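The primary structure of each chain is shown beneath.
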Amino acid sequence: MNIVLVEDSELVRTQLIRLLAAESRLKIVGIAAGENEAVDLILRTRPDAVLLDLALAPGSGVSVLQRIREAGNASRVLILSNNRDKSLREACFQLGASGFFDKSAEAFQCLQRLAGWLPPLPAMEGHRLEALQSVHLLDTPEQEVFADIVGLAADIVDAPIALISLIDRDRQWFLANKGLDVRETSRSVAFCAHAIEHRELMEIQDARVDQRFFDNPLVRGDPHIVFYAGVPLVLPSGDALGTLCVIDRQPRVLTASQRRALKTLAGAALSEIDLRRQVSHLEDEIDRRHEVEANMMHLATRDPLTALPNRTALHDRLEQHVRLAMRQDSKLAVLFVDLDNFKLINDTLGHDIGDQALICTAQRLSEVLRTSDTVARLGGDEFAVVLPSLHGAEDALQVAAKIVEVLAAPKDIGGHRLHIDCSIGVALFPEHGLTGDLLLRHADLAMYEAKQSGGARPFLCNTDLDLRAQEMLSLDNDLRDAFRRDELFLHYQPQTSLTGGRLCGVEALVRWQHPHLGLIPPDRFIPVAESRGLIGELGRIVLDKAMAQLVRWDAEGVSVPRIAVNVSAAELRPGFADAVEMALRKHGIPPGRLELEITESALTSDGIETLSMLHRLRALGIRIAVDDFGVGYSSLGQLRRLPIDSLKIDRSFVEEIDSNAQDAAIVQAIVTMATALGLCTIAEGAEHEAQFRMLEKLGCDCVQGYFVARPMSAADFNKWEQLFAAAEAA
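These numbers were taken from a predicted model, which means no experiment stands behind them.

Draft legend 1. Quick peek at the nonpolar core. Counting 79 residues, the largest nonpolar core has W553, I563, L594 and L695 as the members making the most contacts within it. The biggest single contributor to this core is helix 18 (residues 535-556), with 9 residues. Ignoring sequence-local partners within four residues, the contact set of I563 consists of Y492, V506, A508, A546, M547, L550, W553, R593, L594 and E595. With 34 residues, the next largest nonpolar core counts L132, A153, W173 and A266 among its residues.

Structure below.
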C-alpha cells in the first residue's frame, strides 16, 4: 500500500515512520509538512492512503482534504489529530475521510486500520509469485488473443470494462483491458487481489455497500467501480496468477449463462497463459542446457587455476594454426615455457603462494603476447605459447627473450618478493615439425636443453635434439627391460686415507651391460632414469646390490669399513628413508657402514621435506656425504644446519691443485671449514702423485681417484684389497 504522510512535527513523523515499518506491505511514497506541498504530492503520486494531520504550518489539513477531493482524488484518508472537536470530525467525514484518530493515543489503531485494508495474501505467496514470473507476461505489449478474450467477456456481460489482471507483488498489471486507460494499479486497492483467494467466480453486486470496498479509491473515484465479477486464473499447480474480470459502474447480478461464459473465457485465457508458460519453460530449459554445455566446454578446455586454455584446447588451436600456416605458406613458432626451481616455492612458502605465483605468471604471459597468440597452461609449472604469422626464428627468439625478462621481474605475492626465472624451448613450423604434436615435443626437448644450459634462457630446437630424444626413448624402453633382466651391475672405487694409508671405504658405481650396445656409462642412462621416473627403482636396485656385496665381503674376510652409494635428487621423495631402512634390515648391515652421497645443490635447495628426511636417516646412524662440494654455492650457515658427515671435494678443484694456487687455496679453505665443523673431507679425481701429495699437505682426510685405483668389479677389488693390505702391513 502506497502512503503519503502529511505531518509538520518531525518527532511525530519519526514515530509514525517507525510504526509503519513494522508492516512490510505499507510503503511511504512521500512526506509533506505544509498544505500546498501536501496537495501537490497527493495529486502527483495518487497514493492508496493518506495519513493527514489537521494542524499544519503553514496551512490546514482540512483544506488539504477538501482540495484533493475537489480535484477528483479518491485516496483513503485517515486523520491523525489532537483536536477532538466533534464538528471538525464531522466535517472531515463529510469530505470523505475514512477514519479519525488521536495521534497521541491512537496511532497504533490507525496502523491497524491501514493493515485491515490490505488484501489477504495467499498461503503460498512466494511460490505463486515464482509461477507468475515463469510465464514471462508481465510488462509485455498487449496481445491480440487476450484482447479478444476481454472483448468477448465485455460483450457477453454487457459491461463497460473487462480485464485480464495479473497480481504481482505490489501491483495488479493488466495483460489485456477494455474500457480503462491504465495498465496497472496498486495491489492494495485491487478487487482481483481478493478474487485470487477464491477458486470460483467472485461477484460483488454493489461495492458501495460492501465493507471491504465501500471506501476503496477505485469505488469513490475513477473508474467508479460498483459491480465486479472475477474468475481466478489458476494454474494446474494451484497457483492463482490473476483473474478475468468484468466491471460496471452500476449494481447488477450476473445470469447463470453469463457466469458459465466468463468461466469458459477464463479457461481459454488460462490455457493461453499456461501454453506460454510451457513454451517459456522450454526456452529456459534450452538456454540452461546451452549454458551448461558452454560451462562444460569451458571447464573441459580451461585450466581451473589460471583460466588459460588447457592442454586439450592448446592442441586444437595449434592444429588450426598449423593448417592455416600450410595454406598461407607462413611460419609459426611453439614455445614451451617451464619455470625454473618452482618446486622450491611450493616447498618453502606453501602451495597457496605457489598457486598465486602461477596465476601471476599466466597474467604476465597474456600481457606480453599479441591477441592473435595463444598461451596455455599444460600443468604444474609448464606453459605453452603459439606464435602464428612469424618471419623466422629471430622473431620467435625475441618473443621468448621478452618472456624470460618479463617473468623474471620481481613480484610481491603473499608478502613475499619473488623472482621467477623460466627456461623456454622454441620450435618452428615447418623446420621442426609439420604437426602440432611434433612441434610441441620438439619445443619440450629444446626447453630441456635450456635448463641443462643453466636455465633462464630460450633455446632453439635443432636436429641433434631429436636424435638424442630418440636415443633416450630407446634407452627408456631398454632400461625397463634391464631391471627385469638384471643387466645392471656395480663397480667399486676405493677411498683411502691420506694420513694413515688405510682404506676409508668404497664408492659403489652403477654400470649397464646392454645386450646390443655393450657397456653404457651412467652419464647416459642416469638422466633417462631421472626424466622417465625410473630413478627410484634404479636407486633401490643399486642399494640392494651394494648391501649384498658388503655382506659377501664380510663373509670372505675382505675388510671394507663402509660403502658409499650415490643418491639422485629425484630420489628424495616420501618413502625414500623407509626404503633405505628396509634394505639395511634385509641384509643385516649396521647403518653406520652406509654412506649416502647427495649433491650439494640437492641438499641446499630442495626444501624442508628433504631436510626432515635427512635428519631421520642421520638419526638411524647412516652417514651423509655432500657430493661435488664447491660447485653448489652453499653457505657456511647452510652447512651448519645440514645433517652431514663428509664433504667430497669436487674434482674440478683437484685437477690443477699442484699448479694452480687458486684451486689450492679453495681446497685449503674447504678443509679448514670442514675441520671446524667436525666433518671428514674426501677429494675426488686424484690421478697422479703430485695431486696426491698436495692434498696430503693441505690436510685432506681421504682421497679417491685413478692414482689410488680405478673403479673395478668386486672380484678385482678383492685382489686390490689384498695387495693394499699387504703394502700397508709392510
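Draft legend 2. Structural view of unusual backbone geometry. A cis geometry characterises the amide bond from D222 onward to P223, with omega recorded as 5°. Phi is positive for N341, close to 55°, though the residue is something other than glycine. Relative to the helices and strands, N341 is located in the loop between strand 12 (331-339) and helix 12 (342-349). Classification of N341 as exposed rests on a relative accessible area of 65%.

Draft legend 3. The packing of aromatic side chains, seen in detail. Tallied over the full model, the rule gives 8 aromatic pairs. Ring plane angle 70° and centroid distance 4.9 Å describe the contact between Y492 and W553, whose orientation is recorded as edge-to-face. Within this pair, whereas Y492 is found in strand 19 (residues 488-497), its partner W553 is found in helix 18, the two being separated by 61 residues in sequence. A relative accessible area of 3% means that Y492 is categorised as buried. Classification of W553 as buried rests on a relative accessible area of 0%. With 4.8 Å between their ring centres and 45° between their planes, W553 and F717 make a pair best called tilted. Placement of W553 in helix 18 and of F717 in helix 25 (residues 714-729) is noted, with a sequence separation of 164 residues between them. For F717, a relative accessible area of 0% translates into the label buried. Three or more aromatic residues joined by ring pairs form one cluster here, namely Y492, W553, F717, W720 and F724. Positioned above the aromatic ring of F227 is the side chain of R252, whose terminal nitrogen or guanidinium carbon lies 5.6 Å from the ring centre. Its end group placed over the ring of Y706, R710 keeps NZ or CZ at 3.9 Å from the ring centre.

Draft legend 4. Up close: the packing of helix 13 (residues 351-368) against helix 14 (residues 393-408). In contact at an axis separation of 10 Å, helix 13 and helix 14 are set at 140° when each is read in the N-to-C sense. With respect to each other, helix 13 and helix 14 are oriented oblique. The chirality of how helix 13 crosses helix 14 is right-handed. Where helix 13 approaches helix 14, its residues T361, R364, L365 and V368 are matched on the opposing element by K402, I403, V406 and L407. Class assignment of the residues belonging to the contact of helix 13 with helix 14 gives a composition of 5 nonpolar, 1 polar and 2 charged.

Parameters at a glance
- Residues numbered from 1 in each chain as written.
- Predicted model: local features only at pLDDT ≥ 70, side-chain atom pairs only at ≥ 80, totals over all residues.
- Heavy atoms only, no water.
- Core = buried A, V, L, I, M, F, W, Y, C linked by side-chain atoms within 4.5 Å.
- Buried < 20%, exposed > 50% of the residue type's maximum accessible area, 1.4 Å probe, protein only.
- Helix = DSSP H or I, 4+ residues; strand = E, 2+ residues; numbered from the N terminus.
- Contact = heavy atoms within 4.5 Å.
- Phe/Tyr/Trp six-rings, centres within 6.5 Å; stacked < 30°, edge-to-face > 60°.
- Lys NZ or Arg CZ within 6 Å of the ring centre and 35° of its normal.
- Axes fitted to C-alpha atoms, helices over the stretch in contact; angles between N-to-C directions.
- Parallel < 35°, antiparallel > 145°, perpendicular 65-115°, else oblique.
- Left-handed = near helix turned anticlockwise from the far one by under 90°.
- Nonpolar A, V, L, I, M, F, W, Y, C, P; charged D, E, K, R; others polar.

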